[in-house]
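Coordinate analysis (summary)
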There are 2 protein chains.
Amino acid sequence: MDKESLLAAISEDLERIEAALSAVQASQVPFINEVSHYILFAGGKRLRPLLTVLCARLCGYEDPRIYELSVLFEYLHAATLLHDDVVDGAEFRRGRRAAHNLWGNQATILVGDYLYARALRIAVEKGNFEVLKVVTETTLLMSEGEVLQLLNVDNTGLTEEEYEEVIFRKTAALIAAACECGGIMAGLGLEDRKRLHRFGKHLGLAFQITDDLLDYLGVSQETGKDLGTDFKEGKVTLPLLYALNQADDSDRARLLALIRDLDPTPETFREARRIIERCGGFDYARKRAGEEVEKALENLFHFPDNPTRRLLEDLTRFILVRRK
Amino acid sequence: MDKESLLAAISEDLERIEAALSAVQASQVPFINEVSHYILFAGGKRLRPLLTVLCARLCGYEDPRIYELSVLFEYLHAATLLHDDVVDGAEFRRGRRAAHNLWGNQATILVGDYLYARALRIAVEKGNFEVLKVVTETTLLMSEGEVLQLLNVDNTGLTEEEYEEVIFRKTAALIAAACECGGIMAGLGLEDRKRLHRFGKHLGLAFQITDDLLDYLGVSQETGKDLGTDFKEGKVTLPLLYALNQADDSDRARLLALIRDLDPTPETFREARRIIERCGGFDYARKRAGEEVEKALENLFHFPDNPTRRLLEDLTRFILVRRK
């Protein structure tokens, strides 16, 4: 399925997700609505709510209340984006100025807290106790993941296992939860719930590895982010990690020098990119993302073949070719 | 009851609360435990968990699991302290360096998120759906309150009503929730639950007004905080607000000049304090705190007279004479 057909197939769901996002009761504090709106309607892909809706439908659950529940994952995601903005000091997010540059760190932290609380209230209002368990467990994992990522800044000795732990916690855990909660609402048994969780986990890992690739190889106008921000911030992601392991002594020394350059220029980044390319870092990351997609599909194939399953398959494969 | 007798009467409960706090399963990330421990065991008064335990007992609930539940309110409180640290840029908290000065803003924000998630997981594990509703509703109110407070910095036209709205949200709402959840665990009906909520709300308002008084009149070695931080940060609290309304033109102009002084010295603060004193700002705040204590007691007196009620009465009255 090409990108246009895929978008057409999910367009109605996306519209209903947008409607549900807009329908969430606003805060009495207009400023909070302003910041929330800025981050929630900044062109997000709505991947997480979409997966909740599709995983529920895959298992026969068609109640329209699923849209109301699904947006909690977008709220949680937006909350982490706001705190990430402050923690990373990013200039741009989705092609627009990062929230902390517009409203300051203080308001950005506090509105992040608000969106987080709002997400949990949606879970209380629309979900059930099992959904709440999954959501609170996931937020714990995520916050630990963010701390781990921070502690690993400039850690050029990061192992692939440690890298995977970080991206599982910071990205894949929430996507896995979004999928599992779709299954919970559909009344699945524990085994099938865990399959949906694994489906989301591997999809999420593929998604984040691709994201990390795009930070090196994307086109800034398409991704809406600065290129090379991970590198500049000292975040060691899979392409760099692999290159550091594979490089000969001279390439390795040069890469380390480029990472530690306290006053990097655009050429610093471009040179690092050339070395990583030469050491096979990008090819390896592409291969790993492909393997995660296959593992995601394996879990999906346990469910009966139907149009929703085929849509989820296409969505999963699309992760590998996305450009933003 | 004097302070020593009061402390003796609650000492066993406080010990069991400390034990429950220590027993919460630690994070797999040692750094998170380090920061959490620093903020959780920094000499907090444990007022919130204590109120949960005592309100439950007031209504006949003696199950020791109440201690495990009660600490969720200390976790929530600690999470807001960490985010406040960053937002306020405070130097000291409880007589020790503020967390963000030790670990940086980034880690402090993220460990705050972790403690928040941990609090909600305790609610999921130990509480019930009603507890969760109250807790998520409260966290929403609190995050809005923090934003309101931020927006009101330097707002010398703040009304008393607006001030009360802010302190309700930032302090009293959580204390009210701690009391109400004690009642929920005891199986109270809605009306009695709401009474405990109001008891906690008025107690919390009295507590915060006293806190705001101590920021002007406390002894730094006792409060463990810098004196005059609210004033320096442009936070308009009740004594100042009242003084601005009551002052003659000359005092008012002078107060405004002192508030807007971009390079304040200790004498700036002392002069402001003298003007506020002269305008009756401190007397008025003391009177208002006393009225809130009376309203708290009114709600408490609907419950049967027993030793726990008398302890709660003493605790409530003690708010007015506390020095830290």
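Please read all numbers here as calculations on a predicted model, not as lab measurements.

**Comments concerning unusual backbone geometry**
One non-glycine residue, Asp154(A), adopts positive backbone phi at about 70 degrees. Residue position: Asp154(A) is located in the loop between α6 (129-151) and α7 (160-185).

**Considerations on the environment of Ala26(B)**
Residue and element names in this part refer to chain B. Of note, alanine 26 is situated in the loop between α1 (3-23) and α2 (30-40). Given a relative accessible area of 45%, alanine 26 falls into the partly exposed group. It is 53 Å that separates the C-alpha atoms of alanine 26 and alanine 253, two residues lying 227 residues apart in sequence. The contact partners of alanine 26, leaving out residues within four places of it in the chain, are Asn33, Tyr114 and Arg118.

**Quick notes on the interface of chain A and chain B**
Facing the 37 residues of chain A at the interface are 37 residues of chain B. Overall, the association of chain A and chain B removes approximately 3,600 Å² of surface from exposure, summing both partners, and the carbon and sulfur fraction of that is 75%. In this structure, the connection of chain A to chain B is made through two salt bridges. The salt bridge involving Arg121(B) is made with Glu137(A); its shortest N-O contact spans 2.2 Å. At the junction of chain A and chain B, the tally comes to ten residue pairs in polar contact (both at pLDDT 80 or more). Residue assignment for the side of chain A that touches chain B shows that the elements contributing at least two residues are α2 (30-40), α4 (65-88), α5 (99-126) and α6 of chain A. At 14 residues, the largest contribution of residues to the side of chain A that touches chain B is made by α6(A).

**Some points on the confidence of the model for chain A**
On average, residues of chain A score 91 in pLDDT, and 97% of them are at 70 or above. In the predicted assembly, ipTM is 0.85 and pTM is 0.89.

**A few points about the relation of the copies chain A and chain B**
Each copy of the chain is related to the other by a rotation around an axis and a translation along that axis. The two copies are related by a screw motion: chain A maps onto chain B through a turn of 180 degrees and a shift of 0.0 Å along the axis, at an RMSD of 0.0 Å. The symmetry that links the two subunits is that of a two-fold axis. Both copies present the same face, since 100% of the interface residues in chain A are matched by interface residues at the equivalent positions in chain B.

What counts and what doesn't
Residues numbered from 1 in each chain as written. Chains lettered and ligands numbered in written order. Predicted model: local features only at pLDDT ≥ 70, side-chain atom pairs only at ≥ 80, totals over all residues. Heavy atoms only, no water. Helix = DSSP H or I, 4+ residues; strand = E, 2+ residues; numbered from the N terminus. Buried < 20%, exposed > 50% of the residue type's maximum accessible area, 1.4 Å probe, protein only. Contact = heavy atoms within 4.5 Å. Buried area = accessible area lost by both parts, 1.4 Å probe. Salt bridge = Lys/Arg side-chain N within 4 Å of Asp/Glu carboxyl O. Polar contact = N/O pair within 3.5 Å; in protein donor to acceptor, adjacent residues only side chain to side chain. pLDDT = per-residue confidence, 0-100. Least-squares fit on C-alpha atoms with pLDDT ≥ 70 in both.

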